[in-house]
There are 2 protein chains.
Amino acid sequence: MSNSEAATVQSVDRALTILEVLARLGTAGVTEIAAELEVHKSTAFRLVSTLEAHRLVEQAGDRGRYSLGVGLLRLAGATTARLDLVQEARPITRQLAADTGETVNLTVRAEHAALYLDQVAGSSALQSHNWVGQHIPLHATSNGKVLLSELTPEQLADALGSLARFTPATITSKAQLRKELEQIREQGYSLAIDELEVGLTAVAAPIRNAHGDVIASISVSGPTFRLSAERLDAVIPQCLAAAGEISHRLGWSWRE
Amino acid sequence: MSNSEAATVQSVDRALTILEVLARLGTAGVTEIAAELEVHKSTAFRLVSTLEAHRLVEQAGDRGRYSLGVGLLRLAGATTARLDLVQEARPITRQLAADTGETVNLTVRAEHAALYLDQVAGSSALQSHNWVGQHIPLHATSNGKVLLSELTPEQLADALGSLARFTPATITSKAQLRKELEQIREQGYSLAIDELEVGLTAVAAPIRNAHGDVIASISVSGPTFRLSAERLDAVIPQCLAAAGEISHRLGWSWRE
DNA sequence: AAACTGAGTTCCACATCATGGAACTCTTCG
DNA sequence: CGAAGAGTTCCATGATGTGGAACTCAGTTT
């Protein structure tokens, strides 16, 4: 563990140890927790109160014992949902990268950006940029535009700040963006040609959950010189099929 | 929230806010986190390092961005597993309480004690003690003895400290306890008559997972004067059936 | 290829906050 | 009814957490 030698914050360390104690014991009282941590019970009480304020710990009644709280499930849920999606989709993202030879990405919306969760490089992609973990502007990417396309007008207003220009081809007009999102809804996929970077083309399709809601998107991207109009004609159906297959695995039915 | 007015620990509060930020954004850098918390980036770095030491946060590479870590899943897992079990079993514990009229409990082993997860009182049980959340000695309860009965000799040695006497009927000899655990394995259930408290009788049966491992137990308990030998003859099969049904729901096959 | 920029990381003097101790409240038990 | 023990509150003190300066490193620009 590379950073275990870095200085830690003692009170944070103690609070997290309380969580570990409660995971192990199920429930514990303040005095018991104080004994486990070898601190005074007023110290233990304050640490537990802080955890309780964040819902990571709950108390049975007003003066009872403590146990782990639902706030932990909420935090863990954010992680599990993303990990599950990545794992569930992996065979398909791999196959799509193999079939197209290009870079395949999986993204979700995180507030005002597209969050890249996974990336598989195809055989033609040599030194491709690693997008995983990065927040990329929604309006300038095929993934982002797919994710935006299913938002209500209110949600769309929230999700968009000012539309920054990255290339001459970047959409910076909200009216123009709305029009394009409508087109994406109709055709079922989105394109971004030289919009984030000159020379970069991507196609993305929506991934749906059991209810039909768009929860993620999958894209195929590569240099514009390679992803010509003819080449896109072949890649677009492959991307749509991959997105459909992932959606199917998540419980979505083909016909709505 | 009853204790939100209690003093909290600022640095713990900040660390937990980092977890919430990462749940929301997916990933974030130190400088970004510092901006969100309105602290210096060296402060943010130290807080993140502490979270990382406990595996609640992970870093992409040596100098990359941070995201929530698997340590969170481990903590949440302890909570979810217990909640899932309680919810899955609830219709059956309710039915058993209704059928027998007595108090029904669900327990798991937490280190050296039986941790009571759920309790449903029957019609005959008026002012019964609420066991939920409590750690009760394993050797002196029917639930505890069931949980002990499936341990290996090494695990048994670890799980037992000294066997405290609570009543004249409490088993305090390890040799005698081992003998009784063998009998429990044979007959498939355990009895505790006046062992924890004079006048308290309980029968417990094992709950198994898909692999057949004992992961919990269910008990019927009531006053000794009501749970006579004749009455137990009726209650024991009901308790066994309930345990079997819960096990079945968890994926266990009747015939191994 | 070199310089610049910005993010992550380390170290340290100082001030703020976390601590333990005393005391209080409340529940359970004898 | 009193004792015991757990949870909770308040406060003076000092230990720890902080911000600032400086460093390292990777990516970008010239």
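Details of the structure are given in the entry above.
Here the residue numbers are simple positions, counted from 1 along each chain's written sequence. Both sets of labels track the order of writing: A upward for chains, 1 upward for ligands. Two thresholds apply to this predicted model, a pLDDT of at least 70 for residue-level local features and 80 or more for giving and counting side-chain atom pairs, whereas whole-chain, interface and lining totals are computed over all residues. Excluding hydrogens and water, the side-chain values take into account all heavy atoms of the structure.

(A) Broad picture of the protein's contact with DNA strand C. Taken together, 23 residues lie around DNA strand C, and Arg14(A), Thr43(A), Thr31(B), Phe45(B) and Asp62(B) are the ones closest in. A breakdown of the atoms of DNA strand C within 4 Å of the protein gives sugar and phosphate a share of 65%. Under this definition, polar contacts are N or O atom pairs within 3.5 Å; protein pairs additionally need one hydrogen-donor-capable and one acceptor-capable atom, and for neighbouring residues in sequence, both atoms have to be side-chain atoms. Arg14(A) has a polar side-chain atom sitting 2.6 Å from a phosphate oxygen of DNA strand C. At 3.1 Å, a side-chain N or O of Gln59(B) approaches a phosphate oxygen of DNA strand C. Here a strand is any run of E in DSSP of at least two residues, a helix any run of H or I of at least four, and the numbering for each starts at the N terminus. Of all the secondary-structure elements, those providing two or more residues to the surface near DNA strand C are α1 (10–25) and α3 (41–53) of chain A together with α1 (10–25), α2 (30–37) and α3 (41–53) of chain B. The residue inventory of the surface near DNA strand C, partitioned by class, reads six nonpolar, 11 polar and six charged. What makes a residue near a molecule or strand is one non-hydrogen atom of that residue sitting within 4 Å of it. Here the term charged refers only to Asp, Glu, Lys and Arg, the term nonpolar to Ala, Val, Leu, Ile, Met, Phe, Trp, Tyr, Cys and Pro, and the term polar to all other amino acids, Gly among them.

(B) Examining the relation of the copies chain B and chain A more closely. When chain B is fitted onto chain A, the two copies agree to an RMSD of 0.1 Å after a turn of 180° and an axial shift of 0.0 Å. In the structure described here, the two chain copies are related by an operation that fits a two-fold rotation axis. Taking C-alpha positions as the reference, the residue of chain B nearest the rotation axis is Val12(B), at 2.4 Å. The contact rule is simple, with two residues in contact once any of their heavy atoms fall within 4.5 Å. Both copies contact each other with a shared surface, as 100% of the interface residues of chain B are interface residues in chain A too. Least-squares superposition aligns the copies on the C-alpha atoms of those residues with pLDDT at or above 70 in both.

(C) Local environment of unusual backbone geometry. In this structure, Glu38(A) takes a positive phi of about 60° despite not being glycine. For Glu38(A), the location among the structural elements is in the loop between α2 (30–37) and α3. For each residue, the accessible area found with a 1.4 Å probe, counting protein chains only, is set against the maximum for its type, and the residue is called buried under 20%, exposed over 50%, and partly exposed in between. The class of Glu38(A) is exposed, set by a relative accessible area of 73%. For Arg55(B), which is not glycine, the phi dihedral falls at a positive 65°. Tracing the backbone through its elements, the reader meets Arg55(B) in the loop between α3 and β2 (57–59).

(D) The arrangement of the sheet that holds strand β3 (residues 66–68) of chain A in detail. All names here are of chain A. Read from one edge of the open sheet, three strands run β1-β3-β2, paired in antiparallel fashion. The outermost strands of the open sheet, each flanked by one partner alone, are β1 (27–28) and β2 (57–59). When β2 meets β3, the two strands line up antiparallel, connected through three bridges. Looking at the pairing, Glu58 lines up with Ser67 of β3. Being paired, for any two strands, means DSSP has found at least two bridges between them.

(E) Structural view of the pairing of strand β9 (residues 214–223) of chain A. All names here are of chain A. Taken across its 10 residues, β9 has eight buried, putting it largely inside the fold. Of the strand pairs in this sheet, strand β4 (residues 103–110) and β9 are connected by five bridges, and their pairing is antiparallel. Paired with Thr103 across the two strands is Ser221, which belongs to β9. Counted between consecutive antiparallel strands, the loop separating strand β8 (residues 200–208) from β9 contains five residues, among which Gly212 sits at a positive phi close to 90°.

(F) A look at the side chain of Ser221(B). All names here are of chain B. Within the secondary structure layout, Ser221 lies in strand β9 (residues 214–223). When its relative accessible area of 10% is taken as the criterion, Ser221 is described as buried. Those residues in contact with Ser221 that lie beyond four places of it in its chain are Glu102, Thr103, Asn105, Leu200, Thr201, Ala202 and Leu227.

(G) Fine view of the packing of helix α5 (residues 142–149) of chain A against helix α7 (residues 174–187) of chain A. All names here are of chain A. Lines fitted to C-alpha atoms define the axes, with helix axes restricted to the stretch in contact, and inter-axis angles between N-to-C directions lie between 0 and 180 degrees. As a packed pair, α5 and α7 sit with axes 9 Å apart at the nearest point and diverge in direction by 85°. On the basis of their axis angle, the class for α5 and α7 is roughly perpendicular. Along the contact surface, α5 presents Lys145, Val146, Leu148 and Ser149, while α7 presents Leu177, Glu180, Leu181, Ile184 and Arg185. Class assignment of the residues belonging to the contact of α5 with α7 gives a composition of five nonpolar, one polar and three charged. For this classification, under 35 degrees means roughly parallel, over 145 means roughly antiparallel, 65 to 115 means roughly perpendicular, and everything else is oblique.

(H) Inspection of the sheet that holds strand β7 (residues 190–193) of chain B at higher detail. All names here are of chain B. What the six strands build is an open sheet, ordered β6-β5-β4-β9-β8-β7; its pairing is antiparallel. Looking at which strands have only one partner, the edges of the open sheet turn out to be β6 (135–137) and β7. Averaged over all adjacent pairs, the angle separating strand axes in this sheet is 35°, with direction ignored.

(I) Spotlight on the interface of chain B and chain A. In this complex, chain B contributes 50 residues to the contact, which on the side of chain A involves 50 residues. Across the interface of chain B and chain A, roughly 4300 Å² is buried in total on both sides, 64% from carbon and sulfur atoms. Counted as salt bridges are all cases of a side-chain nitrogen of Lys or Arg within 4 Å of a carboxyl oxygen of Asp or Glu. There are zero salt bridges connecting chain B and chain A. Seen at the junction of chain B and chain A, the total is 11 residue pairs in polar contact (both at pLDDT 80 or more). Those elements that provide at least two residues to the side of chain B that touches chain A are α1, α3, β3 (66–68) and α4 (70–100) of chain B. If you tally residues by element for the side of chain B that touches chain A, the top one is α1(B), at 12 residues. A 1.4 Å probe defines the accessible area here, and the buried area is the portion of it lost by two parts on being joined, summed over both.

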